[in-house]
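# Fold and contact review
The residues making up each chain are set out below.
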Amino acid sequence: MPGLLELQRAFSAQLLSASARLDGESASGFEIYRETATSTLVNALRLSFPAVERLVGAEFFDGAARAFIPNHAPASAYLNDYGGEFADFLFKFSPAAAVPYLADVARLEFTVNRALHAPDRAALSLARLRALDESSLARVCFSVHPSVSLLQLGFPADAIWRAVLDQNDAAMAAIDLGCGPVRLLVGRDAGGVQVRRLDAAAFEFSARLFSGGPLHAAIEPASEVKSQAWLAQHLREGRLVDFQVASAADGATPV
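Just so it is clear, the model here is predicted, and its values are computed rather than measured. (Residues numbered from 1 in each chain as written. Predicted model: local features only at pLDDT ≥ 70, side-chain atom pairs only at ≥ 80, totals over all residues. Heavy atoms only, no water.)

Another point: the overall build of the chain. Helices and strands together make up the secondary structure of the chain, namely 13 helices and 6 strands. For the chain, the proportion of its 255 residues judged to be buried stands at 38%. Considering only contacts in the chain between residues 6 or more positions apart, those separated by 24 or more positions represent 67%. By element, 55% of the accessible surface of the chain is carried by carbon and sulfur atoms, the whole surface being about 14000 Å². (Helix = DSSP H or I, 4+ residues; strand = E, 2+ residues; numbered from the N terminus. Buried < 20%, exposed > 50% of the residue type's maximum accessible area, 1.4 Å probe, protein only. Contact = heavy atoms within 4.5 Å. Areas by Shrake-Rupley, 256 points an atom, 1.4 Å probe, with all protein chains shown as cover.)

Attention now moves to the pattern of salt bridges. Scanning all chains against the criterion turns up 12 salt bridges. In this structure, Asp-62 engages Arg-66 in a salt bridge whose closest nitrogen and oxygen atoms are separated by 2.9 Å. Of this pair, Asp-62 and Arg-66 both sit in helix α4 (residues 58-68), 4 residues apart, which is roughly one turn of the helix. Residue classification places Asp-62 among the partly exposed residues on the basis of a relative accessible area of 24%. As a salt-bridge pair, Arg-128 and Asp-242 come within 3.1 Å of each other at their nearest N and O atoms. Of this pair, Arg-128 sits in helix α7 (residues 126-130) while Asp-242 is found in strand β5 (residues 240-246), placing the two residues 114 residues apart along the sequence. Several salt bridges share partner residues, and in doing so they unite Glu-35, Arg-46, Glu-53, Asp-62 and Arg-66 into one network. (Salt bridge = Lys/Arg side-chain N within 4 Å of Asp/Glu carboxyl O.)

Turning our eyes to something else, we now look at the packing of aromatic side chains. The description of an aromatic ring pair rests on the distance of the ring centres and on the angle between the ring planes. This structure, assessed with the given rule, holds 11 aromatic pairs. With centroids separated by 6.3 Å and ring planes inclined at 70 degrees, the aromatic side chains of Tyr-101 and Phe-155 adopt a geometry described as edge-to-face. Of this pair, Tyr-101 sits in the loop between α5 (86-92) and α6 (102-117) while Phe-155 is found in the loop between β2 (149-153) and α9 (157-165), placing the two residues 54 residues apart along the sequence. Overall, Phe-155 belongs to the partly exposed group, its relative accessible area being 23%. Look at Phe-205 and Trp-230: their rings are 5.7 Å apart centre to centre, the planes differ by 40 degrees, and that puts the pair in the tilted class. A residue pair is termed long-range when its members are at least 10 positions apart, and Phe-205 in helix α11 (residues 200-210) and Trp-230 in helix α13 (residues 224-236) qualify at 25 residues. Residue Phe-205 shares its accessibility class with Trp-230, and that shared class is buried. Through a chain of ring-to-ring contacts, the aromatic side chains of Phe-49, Phe-60, Phe-61, Phe-68, Tyr-82, Phe-86, Phe-89, Phe-93 and Phe-110 assemble into a single cluster. (Phe/Tyr/Trp six-rings, centres within 6.5 Å; stacked < 30°, edge-to-face > 60°.)

Structural data, given as structure tokens:
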């Protein structure tokens, strides 16, 4: 006999399936439930991807969302997390081929939405770092604020996103779609969610730093001075919230 979880999953799959059909008097009632569930998910996607919707129009967006939903049921009732696979879906969605940058804009929008709703964490106390000796400082492994992400995109999705949301046709027309790739740092501060471009060196350093490895592994000798400046900026902006000190055997010791 199937358990409760299996029954819930089966009902969810049936509810969202575009091809499911029922016979008899229960069909009309089930269709109402299915349309309600689908409409709820379409609206959740619309809230998370406003620039994508403006780029393609409400009708196209509705059709794309309804094509996406049957194979992408939400993992939880917290719908702010829904749509993580939408960008990949749009990349392969043949009707969207005429808008080649659409998937990159969707990737940025989902990252912005995730940053907006991420839990808050206090910035790392610099006094804790000052208490370390030089050897320990080199082995520091940082924890990153939950809102912080790095994105490398083939198209200038940040410029497109801003122009579309600002309804700035002149800015949109001035965008060079061939100027990519762009490397973006997304995070939330006291002023809201910020999207900043990084150059290649700053992006690569930040990626190594945010990966949780020791500080000495993130800093390349050729860019040590710049790395120190980038580290100072991450600390100043509250992007780093905790740390551990890796042992000589590459373990990590809480401090």
